[in-house]
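One letter stands for each residue in the lines below.
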Amino acid sequence: MLRVASMEITRGEGSQAFSVSLPGIDLARGEVAAITGPSGCGKSTLLEMIGLILKPDRLERYDLGADGAIDVAGLVNAGDDTALADLRARRLGFVLQT
């Protein structure tokens, strides 16, 4: 249902820069994963990349749906904002703490 490989983004500049990366995750339908860590470690940034709010600097693979039906990485890497907005509206969702 969700398969991501080599997703990474760098935020900030200079000495304030930090990177958030997801080497890989593979979740089947109904499977649940928890993202935990201290404040400021990049949990929200990671969710915003997975939720297609932030564009990753690097993304090797992102498949969504049964048998990788939607090649999200292809859409992200092609800059297909219309298709990505449609995916956000119809297939993805999460609620941040605020």
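None of the values given here were measured: they were computed from a predicted structure. (Residues numbered from 1 in each chain as written. Predicted model: local features only at pLDDT ≥ 70, side-chain atom pairs only at ≥ 80, totals over all residues. Heavy atoms only, no water.)

Q: Where do I start with unusual backbone geometry in this structure?
A: Negative phi values dominate among residues other than glycine, just as trans dominates among peptide bonds. The phi angle at Ser 6 is positive, at roughly 55°, despite the residue not being glycine. Residue placement: Ser 6 occurs in strand β1 (residues 2-11). Since its relative accessible area comes to 16%, Ser 6 is described here as buried. With phi around 65°, Leu 52 is a residue other than glycine that occupies positive phi space. Mapped onto the fold, Leu 52 is located in the loop between α1 (43-50) and β3 (58-64). (Helix = DSSP H or I, 4+ residues; strand = E, 2+ residues; numbered from the N terminus. Buried < 20%, exposed > 50% of the residue type's maximum accessible area, 1.4 Å probe, protein only.)

Q: Sorry if this is basic, but what is going on with the sheet that holds β3 here?
A: Backbone-to-backbone hydrogen bonds join strands into a sheet, with any given pair of strands oriented parallel or antiparallel. Strand order across the open sheet formed by 4 strands is β2-β1-β3-β4, with antiparallel pairing between neighbours. Sheet topology places β2 (18-27) and β4 (70-71) at the edges, where each strand pairs with a single neighbour. Packed on one face of the sheet, α1 meets β1, β2 and β3 and runs near 125° to β1. (Pairing = 2+ DSSP bridges. Contact = heavy atoms within 4.5 Å. Axes fitted to C-alpha atoms, helices over the stretch in contact; angles between N-to-C directions.)

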